[in-house]
Amino acid sequence: MPNHSQVAEVKFSISEHRSRSNERTTTPQYNQTERSIMTYDLVIKNGTVVDPAQGVHAKKDIAVAGGKIAAIEDYISDADTHDVIEAEGLVVTPGLVDLHVHVWWGVAHLAIEADPACVYRGVTTAIDAGSSGANTIAGFHRYVMEQTATRVLAFLHISGMGQLDNDIGELEDIRWARVEKAVEAAKLHADRIVGIKVRLTDNIVGPNDLVALDRAIEAGEELNKPVMIHIGGSVNQFEQFMEKLRPGDIVTHSFTGRPHGILDNNNKVVDAAWDAMNRGIIFDVGHGAGSFSFPVAETCLEQGLGPGTVSSDVHRYNVRGPVFDLMTTLSKYIHLGYSLDEAIALGSSKPAAAVGLPDHIGTLKVGAYADIAVIQHREGPVTFTDADGNERAGNQLLLPVETLAKGRRFNPQHSAHPKLVGHPHKH
């Protein structure tokens, strides 16, 4: 079985290529002595560059030209640029990649607008996890994906309706899980679809969980793309789901406190989880409003099992807490003992690789899109809350200062939420 995180390919949309062609490009400028000088659109000066994809953690300058990264050097003159960001004392990372969001605003019941929660807060690539299905992906593509500054990709739901309603599960009627329709829609929108999504919770799929999973995998196999499964509160057991998954498939909500999860009744990581991880299954956080438990995550870490990726599952029911954004979710893993570099990798290079795009996003290498997050690594008291209301007192928080998406600058609308640090928003 091929590793789908390696073979999945996504082409960026024609509209994105058109928008790139309309952006300012730079060519060498010549002075009166005919000396060739490269003039950049923007230079980020004196920041601590952290790029796990390249193994970089050093004070560097970054130059941007034509929407791409033109140079990373110890020193780049600010005399050769049109604009400068002074990043002394700040961390400069690849634009973050959030593997699990919900941004089909106005259609999916839980969705929010992409840009305020993503590109304004350090996330340049947001991957919607099943808000749209075969019946609604065309609208999602036209009215969201082609309109946002955030690069929005998607796992297409195996349910044709996607996630329309909070009270009626999208797979309670298994007729919505139509493999041919999903494959056809995914191929039609291949520039944005990175895989197939299925939710396996009782009130969403009822007793149809194993059938729905089989159909999602069938579609994933035909498309040669990964399947993301949502676990927690299912009718059938965790082990039954794991045995069906293929290398490169993704388990989101991996550290949920809901039943049939990654821990047994004795708080031991179940054998099926170790086996799945060894086979190349990716365990994603997918924090959400009900799907991340500090006690579960801590117990797993004590036994040596951590996440393969960290995602926020940000949506309307958690964007004002406890999730807020991806940076806050990554900060929770710094609190749990991960280094800054390890946390940034979990929100950049690793999710990029999981969807088959390690050379395009989640990296600051020369020639990549100028998707860059400028971050304050704030030290001071912070109160983290999980999806079950458990609190942890931390002292490190990542906060967005500025984001570049293909070289275009975005400033956050506010800094830290008062629920985290106890002070009003900064407007």
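This write-up is about the structure you can find in this document. (Residues numbered from 1 in each chain as written. Predicted model: local features only at pLDDT ≥ 70, side-chain atom pairs only at ≥ 80, totals over all residues. Heavy atoms only, no water.)

Here's the deal with the packing of aromatic side chains
To keep it simple, the criterion reads: Pairs were defined over the aromatic rings of Phe, Tyr and Trp, the Trp ring being its six-membered one, requiring ring centres within 6.5 Å. Orientation was assigned from the angle between planes: stacked under 30 degrees, edge-to-face over 60, tilted for the rest. Strands here are runs of E lasting at least two residues and helices are runs of H or I lasting at least four, both read from the DSSP assignment and numbered beginning at the N terminus. Using a 1.4 Å probe on the protein chains alone, a residue whose accessible area is under 20% of its type maximum counts as buried, one over 50% counts as exposed, and one in between counts as partly exposed.
One pass over the full model with this rule turns up five aromatic pairs. Arranged with centres 5.2 Å apart and planes meeting at 35°, the rings of W104 and F140 form a pair that is tilted. With W104 in the loop between β8 (96-101) and α3 (114-117) and F140 in helix α4 (residues 137-145), the pair connects residues that are 36 residues apart, well separated along the chain. Under the relative-accessibility criterion, W104 is labelled buried at 7%.

Overview of the sheet that holds strand β10 (residues 151-157)
So the rule is basically this: Each pair of strands is called paired provided DSSP finds at least two bridges between the two strands. Contacts are residue-level and defined by heavy atoms, with any inter-residue pair within 4.5 Å sufficient. What counts as an axis is a line fitted to C-alpha atoms, over the stretch in contact for a helix, and the angles between N-to-C directions run from 0 to 180 degrees.
Taken in spatial order, the seven strands make up an open sheet running β8-β9-β10-β11-β12-β13-β14, and their pairing is parallel. Sheet topology places β8 and β14 (282-283) at the edges, where each strand pairs with a single neighbour. Both β10 and strand β11 (residues 193-199) contribute to a ladder of four bridges, which runs parallel. Directly across from F155, in β11, lies its bridge partner G195. Contacting β11 and β12 (227-230), helix α7 (residues 209-223) runs over the sheet at an angle of about 170° to β11.

Some words on a negative patch on the surface
The line we're drawing: Only residues whose relative accessible area exceeds 30% and that take part in no salt bridge are eligible for patches, with like-charged residues grouped when within 9 Å of each other and nonpolar side chains (Val, Leu, Ile, Met, Phe, Trp, Tyr) grouped when within 5 Å. Here the Shrake-Rupley method, with its probe set to 1.4 Å, supplies the accessible areas, and only the displayed protein chains count as covering residues. Criterion for a salt bridge: a side-chain nitrogen of Lys or Arg within 4 Å of a carboxyl oxygen of Asp or Glu. We treat Lys and Arg as the positive residues and Asp and Glu as the negative residues; His and chain ends play no part in the count. Charge positions are represented by NZ for Lys, CZ for Arg, CG for Asp and CD for Glu.
Together, E180, E184, E218, E221 and E222 give the surface a local cluster of negative charge. Only α5 (179-188) and α7 provide two or more residues apiece to the negative patch. Relative to the assigned elements, E222 resides in helix α7. Using a relative accessible area of 48% as the deciding quantity, one classes E222 as partly exposed.

Section: the environment of L188
In this fold, L188 is placed in helix α5. The class for L188 is exposed, based on a relative accessible area of 67%. Taking the C-alpha atoms as reference points, L188 and E221, 33 residues apart in sequence, are found 16 Å from one another.

Topic: the packing of α5 against α7
Helix-helix packing is characterised by the crossing angle of the two axes and by the distance between the axes. For the record, the criterion: If you view the pair so one helix is near and one far, a crossing is left-handed when the near helix is turned anticlockwise from the far one by less than a right angle, and right-handed when it is turned clockwise. When residues are grouped by polarity, Ala, Val, Leu, Ile, Met, Phe, Trp, Tyr, Cys and Pro land in nonpolar, Asp, Glu, Lys and Arg in charged, and all others, Gly among them, in polar.
Two elements in contact, α5 and α7, have axes whose closest approach is 9 Å; the angle formed by their N-to-C orientations is 40°. As for the relative orientation of α5 and α7, their crossing is right-handed in sense. In contact with V179, V183, A186 and K187 of α5, α7 contributes R215, E218, A219, E222 and L223. Partitioned by chemical class, the residues of the contact of α5 with α7 number five nonpolar, no polar and four charged.

Focus on the nonpolar core
The criterion, for reference: Here, nonpolar core means buried Ala, Val, Leu, Ile, Met, Phe, Trp, Tyr and Cys residues that are tied together by side-chain atoms lying within 4.5 Å of each other.
Core analysis: the largest hydrophobic core is formed by 92 residues, its most contacted members being V198, I229, M242, F255 and I262. For this core, the element with the most residues is α7, which contributes six residues. Those residues in contact with M242, other than ones at most four positions away along the chain, are I229, V251, A272, A276, R279 and F283. Membership of the second largest hydrophobic core comes to 16 residues, among which are I44, I62, I69 and A87.

Things to note about α4
Within the span of α4, buried status applies to I137, G139, F140, H141, V144 and M145. Turning to α4, the residues buried within the fold contact β9 (123-129), β10, α5 and β11.

A few points about the pairing of strand β15 (residues 372-385)
Of the pairings in the sheet, the one linking strand β7 (residues 91-94) to β15 comprises four bridges and is antiparallel in character. Bridging across to β15, T93 finds its partner in A373.

Here we look at the environment of A368
Inspection of the secondary structure assignment puts A368 in the loop between α13 (349-354) and β15. Leave out the neighbours within four places in its chain, and A368 touches K68, I69, H360 and T363.

Quick word on the pattern of salt bridges
As enumerated under the stated definition, the model contains 14 salt bridges in all. Across the salt bridge formed by K45 and D61, the nearest N and O atoms sit 2.7 Å from each other. Placement of the pair is K45 in strand β3 (residues 42-51) and D61 in strand β4 (residues 56-65), with a sequence separation of 16 residues. By relative accessible area, K45 is classed as buried at 6%. We classify D61 as buried; its relative accessible area is 1%. E88 is the partner of K59 in a salt bridge, and the nearest nitrogen-oxygen pair spans 3.0 Å. Note that K59 is positioned in strand β4 and E88 in the loop between β6 (84-86) and β7, a separation of 29 residues in sequence. Overall, K59 belongs to the partly exposed group, its relative accessible area being 46%. Overall, E88 belongs to the partly exposed group, its relative accessible area being 47%. One network of salt bridges, with partners in common, ties together D83, E402 and R409.

What is shown is where atoms sit, not what they do.
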